Every structure is written in C-alpha cells, then in structure tokens.
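Inside the fold
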There are 2 protein chains.
Amino acid sequence: MPVSKTQSPSLAPRQATAHDVARIAGVSQSAVSRAFTQGASISEEMRQRVLDAAAQIGYRPNFIARSLITRRSNTIAVVAGYLQNQFYPEVLEALSQRLDRIGYRILLFPADPLGDSDPILEEILRFRVDAVLLASSSLSSRLAAECRRAGAPVILVNRTIDDPGVSSVTGDNVAGARLIAQFLAAAGHRRFGFVSGLENSSTSRDREAGFNGWLQEQGLGAPLRAVGHYQFDAAREAARTLLARRDRPDAIFCANDHTALAVIETARHEFGLQVGGDVSVVGFDDAGAASWPSFSLTTYSQPIAAMVEQVVSVLEGLLADPTAPARQQRTPGKLIVRASTRLPASGLSERDGVRTWRP
Amino acid sequence: MPVSKTQSPSLAPRQATAHDVARIAGVSQSAVSRAFTQGASISEEMRQRVLDAAAQIGYRPNFIARSLITRRSNTIAVVAGYLQNQFYPEVLEALSQRLDRIGYRILLFPADPLGDSDPILEEILRFRVDAVLLASSSLSSRLAAECRRAGAPVILVNRTIDDPGVSSVTGDNVAGARLIAQFLAAAGHRRFGFVSGLENSSTSRDREAGFNGWLQEQGLGAPLRAVGHYQFDAAREAARTLLARRDRPDAIFCANDHTALAVIETARHEFGLQVGGDVSVVGFDDAGAASWPSFSLTTYSQPIAAMVEQVVSVLEGLLADPTAPARQQRTPGKLIVRASTRLPASGLSERDGVRTWRP
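Let us look at the nonpolar core. Counting 106 residues, the largest nonpolar core has A:Ile180, A:Phe211, B:Ile180 and B:Phe211 as its most contacted members. Excluding anything up to four places from it in sequence, B:Ile180 contacts B:Phe211, B:Phe253, B:Val282, B:Gly283, B:Phe284, B:Tyr300 and B:Leu335. By size, the runner-up hydrophobic cluster in this structure holds 51 residues, among which are A:Cys254, A:Ile264, B:Val263 and B:Ala289.

Listed below in structure tokens is the structure:
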C-alpha cells in the first residue's frame, strides 16, 4: 500500500539486501532465499557461500517482507494486564519461551483495566498477527468472529465466553471451587465468605458458581460476599467488610491467589487473626507468593506449564487450519493444602513435599 | 525477498486491499492511502467515503506493508526475564501502556536466564524492530554497535555496560547503596552482610560497590557475602549460609527486593529471627510485595513511572536521530523506611504515609 511521506519522519540507514548477497556470492537471488529457508532445496556448498556473503555485509532475511508473501507475520498478539497478579507474568514468561521454540513472537498489548479489551482489537489486526491470545480479558462474540474473518483466530486464556465458536484455555474453575467448598466443610467450617474478582469476569463467576453450588446442594446456605475486583487494595477493603461483621465468616474463598494474599494481610495485620486457626483463607492459581512461608496458602492449582501446552496445541490447530472448530480446554488442577486453612480429619495425602486433598 | 513455498504451509483467507476500497469508493488508491494517514491532505468528504467503503468490506491498512516503505515497524523489541521478580512485570506493564500512547508496540523476547542475551539479537533484528530495550539483561559492546548499524538502537533498562556509546536507564545504584550502608550504621549495626544478584549484572555489582565503598571509607570493614543470583530459592540458600554462621550479620543488604523477601522468609521461618529486631533486612526497588504488611521492607526505591519516562525520552531521541549520542540516565530514588530494619535516632521524616531517611 502506498503511504504518504508524512508517516516517514526519518529513514534507517540502508540495509543490505538479498540482491547484494546474490551479487557477492555469485548466485541467483532465489538461491539466497533458499539458503535462508528451512527445508528448502540447496546444496550445502552453495548455502555456505550465501551465508558467508551475508555475514560479510551484515545481511539478514527480512521477516516483514517475508510475511507479505507468506501472509504470516510469525507474531502472536497477547493482550495481558493485571501483571501485579503474579499468575500473569508467570504465564507470559512461559508462553514467551514456549512460542519462541516454534518460531513465534509475542506482540504485547496492554489490557483495558476494566477487563473489556474490545477497542484495541482493531489496532491489533492492523499488525497482521497470526493469532490473538487474550489473557485476563474477554471480548464479545462479534469481535471474536471479526478476528476470525481477518485471519487472526482468538484464544481466550483464563477466560471464557458463552460462544462455542471461540477457543479458550482455563483451569477447572467450577470443579476446583466445588472441591474447595467441600474441603472447608470437611474441616468443620460453617460460616463461609467469598471475595470475588472482577464482576464481569467469567473466571470469578465460574468459581463463585462452583463454590456456592456445592454449599447450596448441602444445605449450607450462601456465603457472605464482597467484591475484590482482582486488585490488591480492593481485596483488602473487601476483607475489612467481611471481617468487621459480627457474624464474620471463618472460611473465606478468594477468586484468585492475589486476592487471597490481600485477605491474609488484612486478617493478620489489621484484625489480629491467626490465619489457618481463627480464619481459613483459600485462593485459586498456586502462583507467586502462595507457597512462601509467610502465606502458605491453600489453593486450587492452575498448572501454568500444562495450560501453556494447551494454548500452544489449540493455537497450532488454528494456524494449520483456520476453519477448524474452536476448542474449549479445561486444565485440571489440584487442591494444594498448606497452613492457611484448618485441616479436615481425612483425605490428605502428601507427595514430593506437596500436600493435596481429595474427599 | 522471495521465499520458497515450504515456509508457507497455509494461507489466511484473502483480505480486502486498498485497491478494493478504491474501486468501491470510486477514488484513487492514493486517496485511500491518504484517508488512513494522519495529517495527510484529503477532504473530509472524501475521507468519509473511503472509511465507509473500508468498513463495508472489512479493509484495514496493513502496518506490515507500510513498514516496508517507512522502514518503521512501530515495534520495539523488549528482552525481559525474571518476571517472578515483580519489578519487571511492573516495568513491562508501565512500558507497554506508555509506548501504546506514542503508537509503539512491544515485541517480547524472553531473556536468557543466565543474563547473557547475545544469541537472540540476530533474530530480533530480523523483525526490523525500531529499537531494542534490554531489561534484566546486558550485552556486549560489539552487539550494541551491530544493532545500531542495523538501524535498531539499544537501550539497557536497569543495566549498564562500560561503553559510552550505549544508552541506559537505571536507578541510582551506587548512591542508593551508599545511603543504605549509612542508614544501617546510623541504626547501630556493625556486622553487615550482602546478598548479591547475578554476579555478571552491573546492577548487583554497582550496588555492592556503593555499599562496600561507604563501609570501607568509614573503617567498618567488608560485609559477609553470599550469592543469590536474583532467584528466590538461591537467595533463601544464601540467607541460610549467612545466618548459620556464629558471627552472623545483623544487617543484610540484598541486591534487590525480590532477594530481600527471600531473606526475610528464611530469617523468620527457618531461623526464628525477628526481622527489624534481631536482624535488619534492606532491599532495592520498592516493588511488588515490599510494601505489604508481612514484609514491610526498607528499600531504596526505583520509581518505575519516572524510569519509564526516561526510557521513552531516550528512545524518542534515538528514533528521531539514530546518530544522536547515547545517553546514560540515572533516576534518583529514596530510602523508604519500613519495619524490616531497626531505626536510627535521627534523619527520619514522613510524608503522605511514606517514611524516608536522609543523614
């Protein structure tokens, strides 16, 4: 596409071209191209001659020019926010290393802090990314369909939407939260609390539904509830709301670990409560500081390596065949029991220093 | 550059082109280009006609094609690792939001865990990024020069190299560490320890030099020393080494906050020491959990917003004029005093709930 000069304030120094390499090596431009293309037919002798000429003048194949021909940019847009929640940097680092191994790069877009990333999709698509991973964000069915039409399939990571046409990879939110309810009841708790994340997030909603569902099936009533927005300070405020009540809960399930750490800080340092004795606190993720001795958080794990493998599996399927049906993957986790909760009389087992619980 | 078919396993669906838009809108292709170029000369009526036609068929200007003409990709490579150290996700999120405002995107490359990112530079340059930000990594002078020649100036973030030709943005490592030594001595400490980061990192080296320099000038001797590699588990092991000694230090300066949090965990939960009483622990960053009540870490701050502004200022200078001289920026911080250290008798002041110390 022609572009007016107003977009071009200053040019980088002229770079060596495939033409220059061909001239110096005394080969055709097509041979230069083949020398830099994995699996292409070229003799080892000619390949070496091309590589030597390229090294001599500092030539590199231009991935951008190549992407116009292959219609592949070898970049994956990742929309991620909430990086103060250590789960997301861990996912980002694992994804970045894993995609590196299959030749893809992450183009990072900041997430809308309100969890609604729709407006920037338009811009993402201009970069001709090969796919879009939305971590910590959701999007509308309409925009997911638009991305698909634009040749950039979307995968939601740690979120879902109610549309069988959109792929997603999540932890086992409903089953994990049901297991947490069952665990707390087995430990003798009867006054339950829940600190939510963002109200519009599927993750918080599914975890709350699982937790409340099991409690209600057992006739244990609905938990007290406060909104933590997945933000540390808001979660501390939510903890104050719950713990200042005369009928305060003695078992608080938090929509993720980051929220649970905030609740522990408040229970311990503002209310003088012994966490794991006076009050049990449970999270969801098993990320970051959850395993540090100061928190020793009981939590339902979302195993990041396994989730990243599922993301890559779904991604490779969609890259190979953009018309393939969407997949909604759930990665199972475990209820990892540490010192932030009272213990039930049975169901505990330990392996490799990790204690888990099953009813 | 021509590319053989082996690189192109499947093509995305055909996308609408500027030619299609021109035909539907009944205008020239040049008018389509001008309609999508900020500041280009085009009537509002014609611009609207083009935008309507583009919307009708889902056309978007192709940033990749454009970048071949402008030789700008509007992407900045960021090499970042150690995301378990909350300082880096905070920097990454702030950078991503700030660069977004000036129209640049981050292409994320994982850092070599050993802190030597040289090998992947070759690949970074193939993406024709406009600049390279190396966070948590360094590189050789030779490779920095090669990047400059390739039209992608390098800025080191939170690292330096001994080359006036390479730009960098860091905190005030030497002055901050000197102030920490002075603060600990003022609080009455005489048995000092230092837990280093990566031995080859300029940041750890500069902080150690500042700390030791002040102590030696005062005739207070060299601190005991252990290597923490900037890794949580290695830092816990380093703390064990120091604290198990009969002449164990009662004041430990750690090369960053992440290391200091590990030292606190070990001192408190393995040695039963009261942090801030039996032993003082100081970090460097003021990031992540440093301010949480469980740690309440005394630390020298690296103000992320100010550092990101300096990165953007250096970056804009280099983008406007790639031949501009390199700049080495130091962002001053403050010694923020919390409960992880004993207090000196004088020099403390408090403002907006933040307590700082000056001699």
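Following the structure, the description resumes.
To continue, consider helix H10 (residues 232-243) of chain B. Two residues of an α-helix separated by three or four positions point the same way, owing to the 3.6 residues in each turn. All names here are of chain B. Between the first and last C-alpha of H10 there are 16 Å, a value that for twelve residues agrees with the 16 Å anticipated at 1.5 Å per step. Within H10, burial applies to Phe 232, Ala 235, Arg 236, Ala 238, Ala 239, Leu 242 and Leu 243. Each buried residue of H10 lies within a common arc of 160° when the element is viewed along its axis, so the set occupies one face. Where H10 is buried, its residues contact strand S6 (192-196), strand S7 (224-227), strand S8 (251-254) and helix H11 (257-269).

Let's shift gears to the sheet that holds strand S5 (residues 167-171) of chain B. One open sheet accounts for twelve strands, arranged S11(A)-S5(A)-S4(A)-S3(A)-S1(A)-S2(A)-S2(B)-S1(B)-S3(B)-S4(B)-S5(B)-S11(B); its pairing is mixed. Both edges of this open sheet fall to strand S11 (328-331) of chain A together with strand S11 (328-331) of chain B, since each of them pairs with a single strand only. Across this sheet, the average inter-strand angle for adjacent strands is 20°, counted without regard to direction. Sheet analysis places strand S5 (residues 167-171) of chain A next to S11(A), joined by four bridges and oriented parallel.

Residues and elements named next belong to chain A. Burial along strand S10 (residues 298-301) is two-sided: Thr 298 and Tyr 300 and Thr 299 and Ser 301, pointing in opposite directions, are all buried. Bridge count between strand S9 (residues 280-285) and S10: four bridges; the pairing is parallel. Across the sheet, the residue bridging to Gly 283 is Thr 299, located in S10. Pairing of S10 with strand S12 (residues 335-336), which is carried by two bridges, proceeds in the antiparallel orientation. Looking across to S12, one finds that Tyr 300 is bridged to Leu 335.

All names here are of chain B. The residue Arg 126 is located in helix H6 (residues 118-126) in this model. With relative accessibility at 24%, the residue Arg 126 sits in the partly exposed group. Each C-alpha atom of the pair Arg 126 and Ala 150 lies 9.7 Å from the other, and the pair is 24 residues apart in sequence.

How each quantity is defined
Residue positions are given per chain, counting from 1 as you read along its sequence in written order. Whichever chain is written first is A, and whichever ligand is written first is 1; the rest continue in order. In keeping with the model being predicted, local features are shown solely for residues with a pLDDT of at least 70 and side-chain atom pairs are shown and tallied solely at 80 or more, while totals for entire chains, interfaces and linings include all residues. Side-chain metrics rest on all non-hydrogen atoms present in the structure, leaving aside hydrogens and water. In plain words, nonpolar cores are sets of buried Ala, Val, Leu, Ile, Met, Phe, Trp, Tyr and Cys residues tied together by side-chain atoms within 4.5 Å. When accessible area is computed with a 1.4 Å probe and restricted to protein chains, residues below 20% of their type maximum are described as buried, those above 50% as exposed, and intermediate ones as partly exposed. When checking whether two residues touch, look at their non-hydrogen atoms; a contact exists if any pair is within 4.5 Å. Helix and strand definitions here come from DSSP, where helices need a minimum of 4 consecutive H or I residues and strands a minimum of 2 consecutive E residues; each element is numbered from the N-terminal end. Helices are assigned an expected span. That span is 1.5 Å times one less than the residue count. This arc describes the spread of directions from the helix axis toward the C-beta atoms. Paired strands are those between which DSSP finds at least two bridges. Fitting a line to C-alpha atoms yields each axis, with helices limited to the stretch in contact; the angle taken between N-to-C directions then spans 0 to 180 degrees.

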